[in-house]
Amino acid sequence: MYKTKKLWTPVSTVIRRALPMTCRLTPYSPNLQIPSLFSKLEPSSRALPCYGHDFLPNLKISAKSFCLQSTIKVDTTIKRCWNCNAVAAGTMPFLYCDSCRSIQAIDLSIDYFQIFGQEKRYNIEVDGLEGKYKAWQKKLHPDLVHSKSEKEREYAAEQSARVIDAYRTLSKPLSRAIYILRLEGVDVDEEQTVSDLELLTEIMEIREAVEEAPDSQALNQIQSQMKEKLEESYNSFANAYRSRNFDEAVTCIQRMTYYQRASEEILKKL
């Protein structure tokens, strides 16, 4: 049995009923902010430790009154310039510091859609890509930093090359489809053998038609058919991706690949 002053007896009795016998009361510290329930205790009294919300179920005392340690949350998402330590402003990807005009290191967590201010979806506003591409190159082109440090020249070369690749990837429906699936963790092998007999038969017929075309008019007619088939494949892919049917999306990409190659062969003959 604990020896305590009579002033403490009513509370200690409740504590012994609620806590295991092995529990001990912690010593009082002058810097401790004692809850209002114990404000009249003598300095030599003992303070209660924190045991969570179910500590004293019959007393309406918040656990926050006993738990005095606070957790400091540091926002690790804040991006700062390597040169001037300025915080990245706005929601645009931090490729370039507007404060000191320094080009930043590549951040692979920024995808191609973010670089061009687009939502991550297959159907995007392609017409707006070129303007954004030119705007980035006016800030990131290596020729603009030829007199700066080797470190920043390397950053410029890498960032400029990545923006170029992003522009080319998003501009074309086929490469955009392959890329957006890659972001979902689905890698598409364009050279993979097609097992769809219907598609294989169709491709063989198209090749024969191209080889046997008597003139440019016949080739243009086949080219028009390829454009229609490509457009159908784009729409099918968009629907498959939207419904997250990635197997069907991969099949659509295979069709796009063959139709695109057939279209390129026709252009060579025209």
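Small disclaimer: the values here were computed from a predicted structure and weren't measured.

**Re the overall build of the protein chain**
- A tally of regular secondary structure across the protein chain gives eight helices and zero strands.
- When the elements of the protein chain are put in sequence order from the N terminus, they spell out α-α-α-α-α-α-α-α.
- A fraction of 59% describes how many contacts in the protein chain between residues 6 or more apart in sequence connect residues 24 or more apart.
- By element, 49% of the accessible surface of the protein chain is carried by carbon and sulfur atoms, the whole surface being about 18400 Å².

**Details of unusual backbone geometry**
- For Asn 85, which is not glycine, the phi torsion reads 70° and is therefore positive.
- Mapped onto the elements, Asn 85 comes out in the loop between helix H1 (9-18) and helix H2 (112-115).
- One non-glycine residue, Arg 101, lies in the positive phi region at around 60°.
- The topology assignment puts Arg 101 in the loop between H1 and H2.

**Let's talk about the packing of helix H5 (residues 173-183) against helix H7 (residues 216-242)**
- Viewed as axis vectors pointing N to C, H5 and H7 meet at an angle of 15°, and their least axial separation amounts to 11 Å. Taken together, the axes of H5 and H7 lie roughly parallel to each other. Crossing geometry of H5 relative to H7 is assigned as left-handed. Of the residues in H7, those in contact with Pro 173, Ala 177, Ile 180 and Leu 181 of H5 are Tyr 234, Phe 237 and Tyr 241.
- When the residues that make up the contact of H5 with H7 are grouped by side-chain class, the tally is seven nonpolar, no polar and no charged.

**A short note on the nonpolar core**
- Ile 115, Leu 170, Leu 181, Phe 237, Ile 253 and Met 256 are the most contacted members of the largest nonpolar core, which has 51 residues in total.
- Taken together, the elements giving at least two residues each to this core come down to H2, helix H3 (129-140), helix H4 (150-171), H5, helix H6 (197-212), H7 and helix H8 (246-269).
- Broken down by element, this core gets its largest block of residues, 10 residues, from H8.
- Discounting residues that sit within four places of it in the chain, Ile 115 has contacts with Met 92, Pro 93, Ile 110, Lys 132, Trp 136, Arg 162, Val 163 and Ala 166.

**So, the packing of aromatic side chains**
- In this structure the tally under the stated criterion is eight aromatic pairs.
- Judged by centre distance (4.5 Å) and plane angle (10°), the rings of Tyr 112 and Tyr 179 are stacked. Of the two residues, Tyr 112 sits in helix H2 while Tyr 179 sits in helix H5, which places them 67 residues apart along the sequence.
- Among the aromatic residues, those joined into a ring-pair cluster are Tyr 122, Phe 237, Tyr 241 and Phe 246.
- Geometry around Tyr 122 places Arg 176 over its ring, the cationic atom sitting 4.8 Å from the centre.
- When the ring centre of Tyr 258 is taken as origin, the NZ or CZ atom of Arg 261, which lies over that ring, is 5.9 Å away.

**Considerations on the state of the cysteines**
- One pass over the structure, following the stated rule, counts zero disulfides.
- Looking at the unpaired Cys 81, the closest cysteine sulfur is the one in Cys 100, lying at 3.5 Å.
- The cysteine Cys 97 is free of any disulfide, with Cys 84 supplying the nearest cysteine sulfur at 3.7 Å.

**A closer look at the pattern of salt bridges**
- Using the criterion set out here, one finds 10 salt bridges in the structure.
- Ionic pairing is found between Asp 196 and Arg 255, a salt bridge with its closest N-O pair at 3.3 Å. Placement of Asp 196 in the loop between H5 and H6 and of Arg 255 in helix H8 is noted, with a sequence separation of 59 residues between them.
- Taking relative accessible area as the criterion, Asp 196 reaches 25% and is therefore assigned partly exposed.
- With a closest N to O distance of 2.6 Å, Glu 202 and Lys 229 form a salt bridge. Separated by 27 residues along the polypeptide, Glu 202 in helix H6 and Lys 229 in helix H7 bring together distant segments of the chain.

**Some points on a negative patch on the surface**
- A contiguous patch of negative charge on the surface is contributed by Glu 205, Glu 208, Glu 211 and Glu 212.
- With respect to the element layout, Glu 205 can be found in helix H6.

**Here we look at the environment of Lys 151**
- Tracing the backbone shows Lys 151 in helix H4.
- For the pair Lys 151 and Ile 103, spaced 48 residues apart in sequence, the C-alpha to C-alpha distance is 9.6 Å.

**Comments concerning the side chain of Arg 176**
- As for its placement among the helices and strands, Arg 176 is situated in helix H5.
- Despite its burial, Arg 176 remains without a salt bridge, the nearest opposite charge being carried by Glu 231 at 8.6 Å.
- Excluding residues within four positions of it along the chain, Arg 176 makes contact with Phe 113, Tyr 122, Ile 124, Val 126, Thr 169, Leu 170 and Ser 171.

What counts as what
- Residues numbered from 1 in each chain as written.
- Predicted model: local features only at pLDDT ≥ 70, side-chain atom pairs only at ≥ 80, totals over all residues.
- Heavy atoms only, no water.
- Helix = DSSP H or I, 4+ residues; strand = E, 2+ residues; numbered from the N terminus.
- Contact = heavy atoms within 4.5 Å.
- Areas by Shrake-Rupley, 256 points an atom, 1.4 Å probe, with all protein chains shown as cover.
- Axes fitted to C-alpha atoms, helices over the stretch in contact; angles between N-to-C directions.
- Parallel < 35°, antiparallel > 145°, perpendicular 65-115°, else oblique.
- Left-handed = near helix turned anticlockwise from the far one by under 90°.
- Nonpolar A, V, L, I, M, F, W, Y, C, P; charged D, E, K, R; others polar.
- Core = buried A, V, L, I, M, F, W, Y, C linked by side-chain atoms within 4.5 Å.
- Buried < 20%, exposed > 50% of the residue type's maximum accessible area, 1.4 Å probe, protein only.
- Phe/Tyr/Trp six-rings, centres within 6.5 Å; stacked < 30°, edge-to-face > 60°.
- Lys NZ or Arg CZ within 6 Å of the ring centre and 35° of its normal.
- Disulfide = S-S within 2.5 Å.
- Salt bridge = Lys/Arg side-chain N within 4 Å of Asp/Glu carboxyl O.
- Patch = residues over 30% accessible without salt bridge, like charges linked within 9 Å, V, L, I, M, F, W, Y side chains within 5 Å.
- Lys, Arg positive; Asp, Glu negative; His and termini not counted.
- Charge placed at Lys NZ, Arg CZ, Asp CG, Glu CD.

In short, the description is geometric, and any link to function would need to be established separately.
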